[in-house]
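The primary structure of each chain is shown beneath.
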Amino acid sequence: MARLEADVRFAAELRFFLAPRHRGGQMQVACDRVSPLGHVVESLGVPLPEVGSLVVNGAPVMPSYRLAAGDVAEVAAVGRPQRLPSARFILDVHLGTLARRMRLVGLDAAYANDLDDDVLIERANAGRRVLLTQDRGLLRRRSLWLGAYVRGARPDDQLRDVLDRFGPPLAPWTRCTACNGLLTAVPKADVEPLLQPGTRRTYQAFSRCASCGRVYWHGAHGTRLDHIVDSAIRIVAAGRP
Ligand SMILES: [Zn+2]
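Values in this document were obtained by computation on a predicted structure and should not be read as measured data.

### Comments concerning unusual backbone geometry
The bulk of non-glycine residues show a negative phi, and the bulk of peptide bonds are trans.
Item 1. Of note, the bond from R80 into P81 is cis; its omega dihedral lies within 30 degrees of zero at -10°.
Item 2. Along the chain, P81 falls in the loop between β5 (72–77) and β6 (88–91).
Item 3. Although it is not a glycine, R128 sits at a positive phi angle of roughly 50°.
Item 4. Mapped onto the fold, R128 is located in the loop between α3 (117–127) and β8 (130–133).
Item 5. Positioned with a positive phi, N180 is a non-glycine residue whose angle comes to about 80°.
Item 6. Within the element layout of this structure, N180 appears in the loop between α5 (155–166) and β10 (183–186).
Item 7. N180 gets classed as buried once you look at its relative accessible area, which sits at 11%.

### What about the pattern of salt bridges?
Item 1. The full count for this structure, using the stated rule, is 13 salt bridges.
Item 2. A salt bridge links E50 to R165; the nearest nitrogen and oxygen atoms lie 2.9 Å apart. With E50 in the loop between α1 (37–43) and β3 (51–56) and R165 in helix α5, this pair connects stretches of sequence that are 115 residues apart. R165 carries the same exposure label as E50, and that label is buried.
Item 3. In this structure, the salt-bridge partner of R80 is D164, at a minimum N-O distance of 2.7 Å. Taken together, the residues R80 in the loop between β5 and β6 and D164 in helix α5 connect sequence positions 84 residues apart.
Item 4. The class of D164 is partly exposed, set by a relative accessible area of 34%.

### Thoughts on the layout of surface pockets
Item 1. The space that makes up the second largest pocket amounts to roughly 290 Å³.
Item 2. For the second largest pocket, the lining is made up of 15 residues, of which L48, P49, V51, P63 and W145 are closest to its centre.
Item 3. Sorting elements by how many residues they give to the lining of the second largest pocket places β3 first, with three residues.
Item 4. Residue composition of the lining of the second largest pocket, by class: nine nonpolar, two polar and four charged.

### Remarks on the environment of G181
Item 1. Checked against the element boundaries, G181 lands in the loop between α5 and β10.
Item 2. Residue classification places G181 among the buried positions, given a relative accessible area of 6%.
Item 3. If we skip the residues at most four places from it in the chain, G181 touches T174, R175, C176, C209 and S211.

### Side note on the nonpolar core
Item 1. Residues F10 and L67 are the most contacted members of the largest nonpolar core, which totals 33 residues.
Item 2. Elements that contribute at least two residues to this core include exactly β1 (5–10), β2 (26–30), α1, β3, β5, α3 and α4 (136–139).
Item 3. Setting aside residues no more than four positions away along its own chain, L67 makes contact with A6, V8, V29, C31, L37, V56 and A73.
Item 4. L91, V105, L132 and A232 belong to the second-largest nonpolar core, a separate cluster that totals 26 residues.

Procedures and definitions
Residues numbered from 1 in each chain as written. Predicted model: local features only at pLDDT ≥ 70, side-chain atom pairs only at ≥ 80, totals over all residues. Heavy atoms only, no water. Helix = DSSP H or I, 4+ residues; strand = E, 2+ residues; numbered from the N terminus. Buried < 20%, exposed > 50% of the residue type's maximum accessible area, 1.4 Å probe, protein only. Salt bridge = Lys/Arg side-chain N within 4 Å of Asp/Glu carboxyl O. 1 Å grid on protein atoms, 1.4 Å probe; cavity = no way out; pocket = protein on both sides within 12 Å on 5 of 7 lines; lining within 4 Å. Points joined across faces, edges and corners; volume = space filled by probe spheres on them. Nonpolar A, V, L, I, M, F, W, Y, C, P; charged D, E, K, R; others polar. Contact = heavy atoms within 4.5 Å. Core = buried A, V, L, I, M, F, W, Y, C linked by side-chain atoms within 4.5 Å.

Take a look at the structure:
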């Protein structure tokens, strides 16, 4: 009887998306001559925005390619750093801590904890923002212009993943961690009435959010934030060619 299956092989970086029985990264799929390869890849659990190139029998193909019996398809992970037209992001409702950390290092990271999926996609598309999420269903939505799956459970690991993936230009201490607005330097006299006596005595340099008015002074949160910033700068520098 003729063999009506094709081999599909996934790059190591993509295997955690696969069902446990497929984690070896190689499997045989039935060829129905109808389903495009992109659909086969997604139905095995891997979102297409995570896929770099698709190669069949040694030649690059489009996601619309239909597998034939005996084909060998190789699915590569998206290359890092992934170049973006502009480094603008929007995060889904579960990634609030990551959003604040991205803002701390100056990345444009839109976030609100009350947006449903349709609104998230609308705003991502309208602002040409990359939608960052850990929801594979969102990444499968055809209407989404560009998304990315964030790896890691801890915010440290998530930030590392985003920085390693996109290698975005950083501008620490320039953005409001609360609302994503831009900070501008303000004379101490302008903000003095808003400060606690201890802060008034200790700090001289202040900035204020142009959007929400929140006042910032460097050193307000001690060395913890310095550490996050230093580590972010190192991660991006390490990824530069
Ligand atoms: Zn603000």
